[in-house]
Amino acid sequence: METSSKLPLHICHVHKLSIFINRTHIFFHSIALVFLLYYRASFFFFHDTTKTKATTLAWLLVFVSEILLSFEWLLSQSFRWRPVSRIAFPERLPGDDKLPAVDVFICTADPEKEPTVGVMNTVLSAMAMDYPPDKLHVYLSDDGGAAVTLKGMREARRFAKWWLPFCRRYGIKCRAPEAYFSTEEEDADFGGSEFIQDREDIKEKYEVFKKRVREKATVGDTRSRLGRDHPAVIELRVSGVISNSPYILGLDCDMHCHDPSSARQAMCFHLDPKISPSLALVQFPQKFHNISNNDIYDSQLRSVFSLLWQGYDGVGGPCVSGTGYYIKRLSLCSNSIHEDGDPMKLRQSYGPSNEFIKSLHQNNKPDMLIHRKNALLNEAQLLASCAFENGTEWGEEVGFMYGSVVEDYFTGFRLHCKGWISVYCNPPRPQFLGSGTTNLDDFLVQGTRWTSGLVDVAISKFCPLIYGPLKTHTFVQSMCYAELALFPILYFLPLWCFATIPQLCLLNGIPLYPEVSNSYFIVFSFVFLSSISKHLYEVLSTGFTFRHWINEQRIWMMKSVTSHLYGSVDAFMKKIGMREASFFPTNKVDDVDQLKRYNMGVFDFQTSILFLAPMAALVILNMASFAVGISRVIFSGELDKFFIQVFIPFYVILMNYPIVEGMLIRKDRGRIPPSVTLLSAIVSLIFYFLGSIIFM
């Protein structure tokens, strides 16, 4: 498709300075790791009169943990190999008559956790995007099948007759009514009395709209049918015989369109003849409107969307990231970018629907669809059936994809293995805004769910280190996918080890690290300082603060010993058939007290004992070992011998001070309950006695 201008629709900027810094750091840090691992390995090959079975076991456990963390670090450098950023120029696009159509898919699952008013705001914001109305089609997929959602859609359609003209008349940027009416910053561009009157009229209509939706939620059917088949309403593939737009925007129900230009920005990439033939998707970052300045739970995912995805883009493009992506329909329905379109092969792959087969390589033709409306209704019901893809090649792949809770990650991986590429676009104004997690319970549950899905892929035949290297755009891109799939395992095992083994050995007088006077002390110190200083540099260079660095260090430790552990165990249990995959939507309903504590930067420990007990027990164990270590330093003069082993628990306690505070100081409802503290102390004692038996 030709553009109306000879100027490029977008530019890609390679971050040469970042590449130099990253690769220089990789070089020196790698050398230090080699010396560190050599020091650790030499213990097993050289005679030492102090060597015992207990000491050997402790060294072996720490050595394995250091190998795992080193491997994880190596994989993570793939994101830092070639970072790039992109700028789109939507003003250079051809006229509206030449733009392709877009289908918008909004997904919801549970109206009790995802309030209908919020879902309808996302729907309205999508309907109001700055794109030719006849080329924009909005679908809502309700996996729960709740009646209140359908009733809410009818109310949204009614309100849209006033909302859409208002947005277009005054060029409103934020087109989710709830977000728009909650701020007045955009009203600065309009000062006329006519606008003020129109705004007040629309606001009154919106209040009526909310009231009607909430009344239906009160008296209507809010019960969802998660995990069960229910009467078909719509499926994604159904759009293929209704609108059949060549491009699809995927949105979560809580991720409203914050800038109406996202579709045009995405088309700057999809319509570029240099990359369009192989381009599968354009991914925008997830950004959130409810994140506090402190962000104690790292809910905004800074490292992912401000750093890692730029590096992902430089080596072939990021995976599908759950929401905010414009994907080419053809890429979802072809075995590769060289698909020949043989009808028989397509039927074997995608099922018996003739209309759907026809739609795979056909541009949308709304005039024809209107005349065939009745005939297509029955076809749509067939396509919406949960069993439609059973027995097809597509069904086998989709079965694995949706049996996992990270179907977005797996979708991106399969697309890249088929030869497609993707791009990442991060404009100054957020294109989409959603709700981030604002309490510890939701954060850890979400992390457990993601971990389970990622490890599920890691231990399947689609493991990126095995399946991907010869199929993805670059080998480095396969490393990116491998890091995402393996990091839960490569973190929880070493962190559990480093939170217990050096401490237990310190309690029993067993040294595990070189003395301060030993030249290898410099190696261990360099590796530690190199890691944390590089992390701090990345936090500061992406516009965040030292406090964010502390929060990320803390949350990394908390997630590693809880979410990553439970998610990995869950994945292995599913692998051996002990339980089915589960999906729990993150709660979008805010608790007032929890939200208040979050905005104050205070941890809320109202979560499962399965999450609290490990964190508290490990902190108590580190407090005890630090106290014993200090006594050894003061009374026995063993600072030189045990400096690193005293420093490790000190660092753990320092970074996890909110847990200490929650156990010993706080008295509010969000503290760690005394019963959990007592249980954690007992668990710590059990650790101590086991350590005394093993390491004596």
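Here the structure is a predicted model, which means the values were calculated and not measured. (Residues numbered from 1 in each chain as written. Predicted model: local features only at pLDDT ≥ 70, side-chain atom pairs only at ≥ 80, totals over all residues. Heavy atoms only, no water.)

Peer 1: Before we move on, could you go through the pairing of strand 9 (residues 325-328) and cite the residues and values that matter?
Peer 2: Alternating residues of strand 9 divide into Tyr325 and Ile327 and Tyr326 and Lys328, and every residue in both groups is buried. Note: strand 5 (residues 247-252) against strand 9, four bridges, orientation antiparallel. For Leu249, the partnering residue across the bridge sits in strand 9 and is Tyr326. As defined by bridge partners, strand 7 (residues 279-283) adjoins strand 9 across three bridges and the pair is classed as antiparallel. Bridged to Gln283 within strand 9 is Tyr325. (Buried < 20%, exposed > 50% of the residue type's maximum accessible area, 1.4 Å probe, protein only. Helix = DSSP H or I, 4+ residues; strand = E, 2+ residues; numbered from the N terminus. Pairing = 2+ DSSP bridges.)

Peer 1: Could you give an account of the UniProt feature "binding site: UDP-alpha-D-glucose" (unreviewed entry) in the chain, naming the residues involved and the relevant values?
Peer 2: Sequence positions flagged by UniProt for "binding site: UDP-alpha-D-glucose" (unreviewed entry) are, in local numbering, Lys113, Glu114 and Asp143. Spatially, the listed residues are clustered: although they cover 31 residues, their C-alpha atoms lie within 13.0 Å of one another. Within the fold, Lys113 resides in the loop between strand 3 (102-108) and helix 3 (116-127). When its relative accessible area of 29% is taken as the criterion, Lys113 is described as partly exposed. Relative to the elements of secondary structure, Glu114 occurs in the loop between strand 3 and helix 3. Residue classification places Glu114 among the buried positions, given a relative accessible area of 8%. A polar contact of 2.8 Å, which involves the side chain of Glu114, links it to the backbone nitrogen of Ala109. (UniProt positions renumbered as here; feature names shortened; annotations may be inferred. Polar contact = N/O pair within 3.5 Å; in protein donor to acceptor, adjacent residues only side chain to side chain.)

Peer 1: Summarise a nonpolar patch on the surface; cite the residues concerned and give the values.
Peer 2: Taken together, the side chains of Leu57, Leu61, Leu678, Ile682, Ile686, Leu690, Ile693 and Ile694 make up a nonpolar region of the molecular surface, amounting to roughly 730 Å² of accessible area. Elements represented by at least two residues in the nonpolar patch include exactly helix 2 (53-76) and helix 27 (674-694). With six residues, helix 27 is the largest single contributor of residues to the nonpolar patch. Of note, Leu61 is situated in helix 2. A relative accessible area of 34% places Leu61 in the partly exposed class. (Patch = residues over 30% accessible without salt bridge, like charges linked within 9 Å, V, L, I, M, F, W, Y side chains within 5 Å. Areas by Shrake-Rupley, 256 points an atom, 1.4 Å probe, with all protein chains shown as cover. Salt bridge = Lys/Arg side-chain N within 4 Å of Asp/Glu carboxyl O.)

Peer 1: Would you mind going over unusual backbone geometry in detail, with residue names and values included?
Peer 2: Of note, Asp295 is a non-glycine position whose phi angle comes to about 50°, a positive value. The buried category is assigned to Asp295, whose relative accessible area is 1%. For Leu301, which is not a glycine, the phi torsion comes out positive at approximately 55°. Considering the arrangement of structural elements, one finds Leu301 in the loop between strand 8 (287-288) and helix 8 (302-313).

Peer 1: So, the pattern of salt bridges: which residues are in play, and what are the values?
Peer 2: What the rule picks out here adds up to 21 salt bridges. Where Arg666 meets Asp668, a salt bridge forms, and the shortest distance between an N and an O atom there is 2.8 Å. Here the salt bridges share partners, and the residues they tie into one network are Arg597, Asp604, Arg666 and Asp668.

Peer 1: Describe the nonpolar core, and please don't skip the residues or the numbers.
Peer 2: Soluble, globular proteins show a tendency: their nonpolar side chains are buried together. One finds Val102, Val104, Trp163 and Tyr326 to be the most contacted residues of the largest nonpolar core, which totals 93 residues. Among the elements that make up this core, the one with the highest residue count is helix 4 (residues 147-170) (eight residues). Of the residues that make up this core, three or more belong to each of domain 1 (16-80 + 475-576 + 608-695) and domain 2 (98-333 + 399-434). With 33 residues, the next largest nonpolar core counts Tyr312, Leu454, Leu486 and Leu490 among its residues. (Core = buried A, V, L, I, M, F, W, Y, C linked by side-chain atoms within 4.5 Å. Domains from an automatic or database assignment.)

Peer 1: Give a detailed account of the pairing of strand 2 (residues 84-88), specifying residues and quantitative values.
Peer 2: Side chains of strand 2 alternate between two faces, with Val84, Arg86 and Ala88 buried and Ser85 and Ile87 left unburied. Examined bridge by bridge, strand 1 (residues 10-14) and strand 2 share five bridges and lie antiparallel to one another. The partner of His10 across the bridge, within strand 2, is Ala88.

Peer 1: How would you explain the packing of aromatic side chains if you had to name every residue and give the values?
Peer 2: If you walk through the whole model with that rule in mind, you get 50 aromatic pairs. An angle of 65° between the planes, with centres 5.9 Å apart, marks the rings of Phe284 and Phe432 as edge-to-face. In this pair, Phe284 sits in the loop between strand 7 and strand 8 while Phe432 sits in strand 11 (residues 432-434), placing the two residues 148 residues apart along the sequence. The exposure classification of Phe284 matches that of Phe432, with both residues buried. Arg40 extends its terminal NZ or CZ atom over the ring of Tyr513, reaching a point 5.0 Å from the ring centre. Lys205 extends its terminal NZ or CZ atom over the ring of Trp162, reaching a point 5.3 Å from the ring centre. (Phe/Tyr/Trp six-rings, centres within 6.5 Å; stacked < 30°, edge-to-face > 60°. Lys NZ or Arg CZ within 6 Å of the ring centre and 35° of its normal.)

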